[in-house]
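# Survey of secondary and tertiary structure
Each chain, written out:
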Amino acid sequence: MLRDPADLSVSDYLDGARAMHAAGRPYLAYLLAEEAAQRTADPATAAGIRAQFPAPTRKD
């Protein structure tokens, strides 16, 4: 079932980030967490989200 991204909450994005992290997909986890952080009004909460899901490093 497809959902409109505008209807997704911060919690939905964080759930997705956790699922991608557990699946070994750190970049997707980072992207979902970044979206959650951008949708969060409180800067301290946004910083906490970003700290939990840091940008992955490149492996060339």
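Before going into details, it helps to say that this report is about the structure given with it. In this text, all values refer to a predicted model and were calculated from it rather than measured experimentally.

## Points about the overall build of the protein
When its secondary structure is counted, the protein shows three helices and zero strands. Starting at the N terminus and ending at the C terminus, the protein contains elements arranged as α-α-α. Once the C-alpha set of the protein is aligned to its principal axes, its extents read approximately 35 × 35 × 15 Å. Looking at the 60 residues of the protein, the share that counts as buried comes to 20%. Residue pairs at least 24 apart in sequence account for 43% of intrachain contacts in the protein once pairs closer than 6 positions are excluded. Just so you have it, the protein exposes about 4500 Å², and 57% of that area is on carbon and sulfur atoms. Computed over 7 positive and 8 negative side-chain charges, the separation of the two mean positions in the protein equals 8 Å.

## Considering the packing of aromatic side chains
According to the stated counting rule, one finds one aromatic pair in the structure shown. Pairing Tyr 27 with Tyr 30 gives two aromatic rings, centres 6.0 Å apart and planes at 40 degrees, and the pair type is tilted. Of this pair, Tyr 27 and Tyr 30 both sit in helix α2 (residues 26-38), three residues apart, roughly one helical turn. Since its relative accessible area comes to 48%, Tyr 27 is described here as partly exposed. For Tyr 30, a relative accessible area of 23% gives the class partly exposed.

## Some details on α2
End to end, α2 covers 18 Å across 13 residues, agreeing with the expected 18 Å (1.5 Å per residue, within 8%). Those residues of α2 that fall on the buried side of the exposure criterion are Ala 29, Ala 33, Glu 34, Ala 36 and Ala 37. Relative to the axis of α2, the buried residues are bounded by an arc of 160 degrees and lie together on one face. Structurally, α2 contributes buried residues whose contacts are with α1 (10-22) and α3 (43-52).

## A closer look at the pattern of salt bridges
The final tally for this structure, using the stated rule, is three salt bridges. A salt bridge links Arg 50 to Glu 34, with the shortest nitrogen-to-oxygen separation between them at 2.9 Å. Of this pair, Arg 50 sits in helix α3 while Glu 34 sits in helix α2, and the two are 16 residues apart along the sequence. Residue classification places Arg 50 among the partly exposed positions, given a relative accessible area of 37%. Looking at Glu 34, the relative accessible area reads 18%, which means it is buried. A salt bridge links Glu 35 to Arg 39, with the shortest nitrogen-to-oxygen separation between them at 2.8 Å. Overall, the relative accessible area of 35% leaves Arg 39 in the partly exposed class.

What counts and how
Residues numbered from 1 in each chain as written. Predicted model: local features only at pLDDT ≥ 70, side-chain atom pairs only at ≥ 80, totals over all residues. Heavy atoms only, no water. Helix = DSSP H or I, 4+ residues; strand = E, 2+ residues; numbered from the N terminus. Buried < 20%, exposed > 50% of the residue type's maximum accessible area, 1.4 Å probe, protein only. Contact = heavy atoms within 4.5 Å. Areas by Shrake-Rupley, 256 points an atom, 1.4 Å probe, with all protein chains shown as cover. Lys, Arg positive; Asp, Glu negative; His and termini not counted. Charge placed at Lys NZ, Arg CZ, Asp CG, Glu CD. Phe/Tyr/Trp six-rings, centres within 6.5 Å; stacked < 30°, edge-to-face > 60°. Expected span 1.5 Å × (residues − 1). Arc of directions from axis to C-beta. Salt bridge = Lys/Arg side-chain N within 4 Å of Asp/Glu carboxyl O.

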